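# Working through the structure, step by step
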Amino acid sequence: MSSAGRSPVRGGWLDPHKPFKDGVRPRKRQLGLALRALCCLLHLDEPAETGRRPLKQAEAAKRLGCAADELSRYLNDTRIPSQDFLERLHKEAGADAAVSGHDVGITLEALLTLRTSALAEQQGCEHCQEMSGRIDSLIQQLNASCPQCEVHERQQEARRRQQKKLAARLRSASREQTRLRLERAELKVAVADLKAELAEKLAIEAGLRERLAAAQGTGAQLPVPRQPGDRQLSTRDVSAARQLVAQAEELDGSGREDLAFTLLRQGTTELLTPAETALVFVELRHRQRDRLANDLIHVYGRDQEKQDVMAVALELHEAGAPDDAGAVLRAALG
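Presented here is an overview of the structure given in this document. Everything quoted here is computed from the prediction, not taken from an experiment. (Residues numbered from 1 in each chain as written. Predicted model: local features only at pLDDT ≥ 70, side-chain atom pairs only at ≥ 80, totals over all residues. Heavy atoms only, no water.)

### Structural notes on the nonpolar core
The nonpolar side chains of soluble globular proteins are, as a tendency, buried together. L264, V280, F281, L284, L296, L316 and V328 are the most contacted members of the largest nonpolar core, which totals 30 residues. Secondary-structure elements contributing two or more residues to this core are α9 (235-253), α10 (257-271), α11 (274-286), α12 (290-303), α13 (306-318) and α14 (322-333). For V328, the contacting residues outside a window of four places in its chain are I297, Y300, G301, V309, A313 and L316. In this structure, C39, L71, F85 and A118 belong to the second largest nonpolar core, which totals 29 residues. (Core = buried A, V, L, I, M, F, W, Y, C linked by side-chain atoms within 4.5 Å. Buried < 20%, exposed > 50% of the residue type's maximum accessible area, 1.4 Å probe, protein only. Helix = DSSP H or I, 4+ residues; strand = E, 2+ residues; numbered from the N terminus. Contact = heavy atoms within 4.5 Å.)

### Considerations on the environment of T268
Its place among the elements puts T268 in helix α10. For the pair T268 and A241, spaced 27 residues apart in sequence, the C-alpha to C-alpha distance is 8.8 Å. In contact with T268, other than residues within four places in its own chain, are L244, T277, V280, L296 and Y300. In terms of polar contacts, T268 uses its side chain to reach the backbone carbonyl oxygen of L264, at 2.8 Å. (Polar contact = N/O pair within 3.5 Å; in protein donor to acceptor, adjacent residues only side chain to side chain.)

### Some details on the packing of aromatic side chains
The description of an aromatic ring pair uses the distance of the two centres, along with the angle that the planes make with each other. Enumeration over the complete set of coordinates arrives at two aromatic pairs. Their ring planes at 55° and their centres at 4.8 Å tell us that Y74 and F85 sit as a pair that is tilted. In this pair, Y74 sits in helix α4 (residues 68-76) while F85 sits in helix α5 (residues 83-100), placing the two residues 11 residues apart along the sequence. Plain terms: the ring middles of F281 and Y300 are 6.1 Å apart, the flat faces sit at 80° to each other, and that makes the pair edge-to-face. Taken as a pair, F281 in helix α11 and Y300 in helix α12 lie far apart in primary sequence, 19 residues in all. Owing to a relative accessible area of 4%, Y300 belongs among the buried residues under this scheme. Against the face of F20 rests R36, its NZ or CZ located 4.4 Å from the ring centre. (Phe/Tyr/Trp six-rings, centres within 6.5 Å; stacked < 30°, edge-to-face > 60°. Lys NZ or Arg CZ within 6 Å of the ring centre and 35° of its normal.)

### Description of the packing of α12 against α14
Contact pair α12 / α14: the axes reach a minimum separation of 7 Å and the direction vectors enclose 45°. Viewed along their axes, α12 and α14 adopt a mutual orientation that is oblique. By crossing handedness, the relation of α12 to α14 is classed as right-handed. Residue-level contacts link I297, H298, Y300, G301 and R302 of α12 to D324, A327, V328, A331 and A332 of α14. Looking at side-chain class alone, the contact of α12 with α14 contains six nonpolar, two polar and two charged residues. (Axes fitted to C-alpha atoms, helices over the stretch in contact; angles between N-to-C directions. Parallel < 35°, antiparallel > 145°, perpendicular 65-115°, else oblique. Left-handed = near helix turned anticlockwise from the far one by under 90°. Nonpolar A, V, L, I, M, F, W, Y, C, P; charged D, E, K, R; others polar.)

See the structure below:
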């Protein structure tokens, strides 16, 4: 609601706080306030740049078919307007209110009832005064709080609060459900990655076995422990060890150090002889894969049989790697 429609300037002719003249009785005061409120709705169309503005007192009087001083007495003094004047004022105010998007605020019947009550107050008519008293009583009853309504309103308020709590819990549950769904999806991805990694390890192991079998040849004899003093590794030994190291180096270079270590550990403990295992250690040092070499030496010395560890240490010593030979022996001793 605009200030032009409902909030006249304090001190103006439509100021709702403007005092009434002496001698104006309560019923007439109620009628005067209603008339002021209706006059506040009267507006005049101005050019587009200024829009609509409230009417001045003379403009309103001319539009309502009365003199300015007569309109003033209707609003502020004891003078009671005719029924025709009230009907005209209510019609004009309703039309302007509809243009401005405002509500008239009072029905014509209620306005005429205020006039009847003011006349009865002024004339001292017992019947009219009794009617006025009844009207006041009805108004008081309408304005009085109803105990049942208060109980109902409290119940409604409690229901609204409960609905808010339930809505908040529902939102929280929905967020938790979404979180669990995301966590479940992440777990599925992690499981799929682990399965893929396991399959890759199995494929690597199978490939290594095939390469070792191909390197050893179809008719090659089973590996036997070499006799002391045998310083010469066979071509088959060298080929198998270097293939294992090359494959591990490729995995390590691609950022999969754990797979590289798994491959080396399985190859040296399950497939290669101690002589070939010693060559793997030497080859790792040669290719500057020191971390893999250190970890493999420690695990091999800790987990393998002592006779295998002794054989590997001897091979390392003979290969010119006494530090690694000592390291594998220390790992075996714990």
